[in-house]
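# Examining the three-dimensional arrangement
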Amino acid sequence: MKYPHRGQVSRYEVAFSRGADLCDLQRLLATKVEEEEVKVKVKEGRKMALAFDEFGRPFIIIKEQEQKTRLRGLDAHKSNISAGKAVARILRTSLGPKGMDKMLQSPDGDITITNDGATILELMDVDNQIGKLMVELSRSQDYEIGDGTTGVVVMAGALLEQAERLLERGIHPIRVAEGFEMASRIAVEHLERISHKFDFGVTNIEPLVQTCMTTLSSKIVNRCKRSLAEIAVKAVMAVADLERKDVNLDLIKVEGKVGGKLEDTELIHGILVDKDMSHPQMPKQIEDAKIAILTCPFEPPKPKTKHKVDIDTVEKFQTLRLQEQKYFDDMVQKCKDVGATLVICQWGFDDEANHLLMHRNLPAVRWVGGVELELIAIATGGRIVPRFQELTPEKLGKAGLVREKAFGTTKDRMLYIEHCANSRAVTIFIRGALANFQKLLLCSPLKHLLPLCVSSPFRRSEIAQWPVGPLILYKVLRFDDVLGNKMIIEETKRSIHDALCVARNLIRNNSIVYGGGSAEISCSIAVEAAADRYPGVEQYAIRAFGDALESVPMALAENSGLQPIETLSAVKSQQIKDNNPCCGIDCNDNGTNDMREQNVFETLIGKQQQILLATQVVKMILKIDDVISPSDY
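Residues numbered from 1 in each chain as written. Predicted model: local features only at pLDDT ≥ 70, side-chain atom pairs only at ≥ 80, totals over all residues. Heavy atoms only, no water.

## So, empty space enclosed by the protein
Summed over all chains, the structure comprises two cavities of 30 Å³ or more. What the second largest cavity holds in volume is close to 40 Å³. For the second largest cavity, the full set of lining residues is Ile194, Val513, Tyr514, Ala519, Pro581 and Cys582. The residue makeup of the lining of the second largest cavity, split by class, is six nonpolar, no polar and no charged. (1 Å grid on protein atoms, 1.4 Å probe; cavity = no way out; pocket = protein on both sides within 12 Å on 5 of 7 lines; lining within 4 Å. Points joined across faces, edges and corners; volume = space filled by probe spheres on them. Nonpolar A, V, L, I, M, F, W, Y, C, P; charged D, E, K, R; others polar.)

Below, the structure is given as structure tokens:
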């Protein structure tokens, strides 16, 4: 390092390996040559410079600044915007009832097929920091609302696209962000004005069912959307507190089992446990069951300190065995004395205890998880008992029917606990088969390979040369039937989760807006009309926001195979002409653009949250004007 007030310095180069003694450097410093610069070469090739402060103390400068990349100003904005647009472009084709599905393969080889925005972004390996912001955006929508995870990312991508055009015109990013904020407030207020409230109750759940059907229409399970929507709404109504307008979704358990048909999915007013009776000769059905819920094991107590038992005679062994048997006898007798007719235990028990329970005619279930124990306790009105000494008749749970049911030829059995004392805990039991998966693939770009994959044999050398898409398809359909079933089960679980969240949101706030892009078109018209009231530069940003709102209906039209610009223009002119905010894109080709007639609804709070979240993320991205990142070594 050179100082301007000092003369030309001489240079020395000292090579040393990492971890070596620095005696050579100290000796060099002792020569009192303050105006020296010593370049030290590390084996990896990175350079370090030795310099001195004004007191003569040496310090080493690592020259890493030139190894960093830095973007400033408009270049940084464009880089960030292009990253956000790239993520939004991936999800754009998955929007709407005719949206395409994505096939994602994890590093472990697990395959997921879904069109749920949050799931796609969760499974994608996104390195770019702005891309990660879009992932967080979708996750926020999923956590808060549960639905609209694809639409919110598409909206953010459209806003970024409009922002890029404004920046190229020379408008400051802060003014653009402020204009977007004003426009989002206008759009949210307009949604309030065009929303409709509907009344529902325990006996009138049809409005809720119709709204859940709209959510399920864009999923794989759309051919069973009516039955699944009814199941979701009944489950939510069973656990809802209508007075407080609150729903605890933790009381709804979603279980899946490979096999059967999607139509076999059922709602159980009780708890389903993926366990069976501990002994094959125990009764498979118990009526008016009184259930002891235990977290203590059926085994003799063990000292917590180190211990040693010396047995040197047969008599001592017999004494020990009788003592253990007495422990088991006492435990079983305590359960019998309080009137229990079924024992559910968190821990296991050995064959001797199992045999004794069967002989004493006390059915038992072992290795039940903690979460399931809590749900069983809530449903049956029982208490979880940590010690046998605390077991009393008041702590027993009550259920009208406990039965064990077998599935198919696989000998898989599950335990149904039904007609519980407290019905505010329900289970949705999902079935799914490969036939459903093949129907799904008939709508995919790989459908022409389906007959080949199902019927034709191929040599390993041929299969190895296939591209990844057909290879995964062939693997699923020929070698791994269970994999196809599991994919259907998992995707159905995600779809049911969305429907449950929509029903919960409607109970909290029973306002709806109409779907099919009608709400976005109406907001776009309102925002464009309001832009004239703002004289500043923000007016351009407000108009751009109105254009961005039209990206959602345009994507719907594009994904449905319609002419996007022509269709959007026709619907927009119809809304203005008829003053009808319910006109949207006819994705299913039903012959009418009126979403009221098609019964396509969306929740008001879900749509408002989409606009607000997308605007906030875009504002955050626009405020970044300097990107400093380490270069790849």
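## Some details on the sheet that holds strand E20 (residues 426-432)
Sheets are built from strands paired through backbone hydrogen bonds, the pairs being either parallel or antiparallel. If you trace the three strands from one edge of the open sheet to the other, you get E11-E20-E12, paired in mixed fashion. The two strands at the open ends of the sheet, each matched to only one other strand, are strand E11 (252-258) and strand E12 (266-268). Adjacent strand axes in the sheet meet at a mean angle of 25° when their direction is disregarded. Direction of pairing for E12 relative to E20: antiparallel, over a ladder of three bridges. In the sheet register, Ile268 faces E20, and the bridge partner there is Thr427. Where helix H8 (residues 225-239) meets the sheet, it contacts E11, E12 and E20, and its direction lies at approximately 165° from that of E20. (Pairing = 2+ DSSP bridges. Helix = DSSP H or I, 4+ residues; strand = E, 2+ residues; numbered from the N terminus. Axes fitted to C-alpha atoms, helices over the stretch in contact; angles between N-to-C directions. Contact = heavy atoms within 4.5 Å.)

## A word on the sheet that holds strand E21 (residues 511-514)
With antiparallel pairing, the three strands of this open sheet are ordered in space as E8-E21-E22. Since the sheet does not close on itself, it has two edges, and those belong to strand E8 (196-197) and strand E22 (601-603), each with one partner. Strand direction decides the pairing type here: E8 and E21, joined by two bridges, are antiparallel. For His196, the partnering residue across the bridge sits in E21 and is Ile512.

## Some details on the pattern of salt bridges
All chains considered together, the criterion is met by 35 salt bridges. We note a salt bridge from Lys85 to Glu164, for which the minimum N-O separation is 2.8 Å. With Lys85 in helix H2 (residues 73-92) and Glu164 in helix H5 (residues 149-168), this pair connects stretches of sequence that are 79 residues apart. An identical accessibility class is assigned to Lys85 and Glu164; each is buried. For Asp246, the salt bridge goes to Arg244, with nearest N and O atoms at 3.5 Å. The class of Asp246 is partly exposed, set by a relative accessible area of 26%. (Salt bridge = Lys/Arg side-chain N within 4 Å of Asp/Glu carboxyl O. Buried < 20%, exposed > 50% of the residue type's maximum accessible area, 1.4 Å probe, protein only.)

## Observations regarding the packing of aromatic side chains
According to the stated counting rule, one finds three aromatic pairs in the structure shown. Arranged with centres 5.5 Å apart and planes meeting at 55°, the rings of Tyr514 and Phe601 form a pair that is tilted. Of the two residues, Tyr514 sits in strand E21 while Phe601 sits in strand E22, which places them 87 residues apart along the sequence. When sorted by exposure, Tyr514 lands in the same class as Phe601, which is buried. (Phe/Tyr/Trp six-rings, centres within 6.5 Å; stacked < 30°, edge-to-face > 60°.)

## Looking at H2
When the terminal C-alpha atoms of H2 are compared, their 28 Å separation across 20 residues agrees well with the 28 Å that a helix rising 1.5 Å per residue should span. Residues Ala76, His77, Asn80, Ile81, Ala83, Gly84, Lys85, Val87, Ala88 and Leu91 constitute the buried set of H2. (Expected span 1.5 Å × (residues − 1).)

## Considering the environment of Thr313
Assignment of secondary structure puts Thr313 in the loop between strand E14 (285-294) and helix H9 (314-337). Polar contacts involving the side chain of Thr313 include one to the main-chain amide nitrogen of Lys316, which spans 3.2 Å. (Polar contact = N/O pair within 3.5 Å; in protein donor to acceptor, adjacent residues only side chain to side chain.)

## So, the nonpolar core
Counting residues in each nonpolar core, the largest one holds 65 residues, and the members touching the most others are Met134, Val153, Phe180 and Leu622. Beyond its immediate sequence surroundings of up to four residues, Leu622 is in contact with His77, Ile81, Ala163, Leu167, Pro173, Val176, Ala177 and Phe180. Val273, Val338, Ala364 and Leu415 belong to the second-largest nonpolar core, a separate cluster that totals 45 residues. (Core = buried A, V, L, I, M, F, W, Y, C linked by side-chain atoms within 4.5 Å.)

## A look at unusual backbone geometry
Comment: phi is negative for the bulk of residues other than glycine, and the bulk of peptide bonds are trans. Although it is not a glycine, Asn361 sits at a positive phi angle of roughly 60°. For Asn361, the location among the structural elements is in the loop between helix H10 (351-359) and strand E16 (364-365). Look at Asn599: it is not a glycine, yet its phi comes out positive at around 55°.

## Digging into a nonpolar patch on the surface
Taken together, the side chains of Val309, Ile311, Phe317 and Leu320 define a hydrophobic patch exposed on the protein surface, amounting to about 360 Å² of accessible area. You can see Ile311 is positioned in the loop between E14 and H9. (Patch = residues over 30% accessible without salt bridge, like charges linked within 9 Å, V, L, I, M, F, W, Y side chains within 5 Å. Areas by Shrake-Rupley, 256 points an atom, 1.4 Å probe, with all protein chains shown as cover.)

## Details of the side chain of Ser278
By secondary structure assignment, the location of Ser278 is in the loop between strand E13 (270-273) and E14. At a separation of 2.8 Å, a polar atom in the side chain of Ser278 contacts the side chain of Asn354. In this structure Ser278 touches Phe349, Asn354, Ala364 and Arg366, once residues within four positions along its chain are discounted.

## As for the layout of surface pockets
There is about 790 Å³ of room inside the largest pocket. Elements with a minimum of two residues in the lining of the largest pocket: H5, helix H7 (206-216), helix H16 (481-508), helix H19 (551-559), helix H21 (595-598), E22 and helix H22 (604-622). The element contributing the most residues to the lining of the largest pocket is H7, with five residues. Residues belonging to the lining of the largest pocket are distributed by class as follows: 12 nonpolar, 26 polar and eight charged.

## Concerning the pairing of E21
Alternating residues of E21 divide into Ser511 and Val513 and Ile512 and Tyr514, and every residue in both groups is buried. Note: E21 against E22, three bridges, orientation antiparallel. Note that in E22 the partner of Tyr514 across the bridge is Phe601.

## With respect to helix H11 (residues 370-380)
Taken residue by residue, H11 has Glu372, Leu373, Leu375, Ile376, Ala377, Ala379 and Thr380 as its buried positions. Positive phi shows up at Gly381, right after H11, with a value of about 75°.

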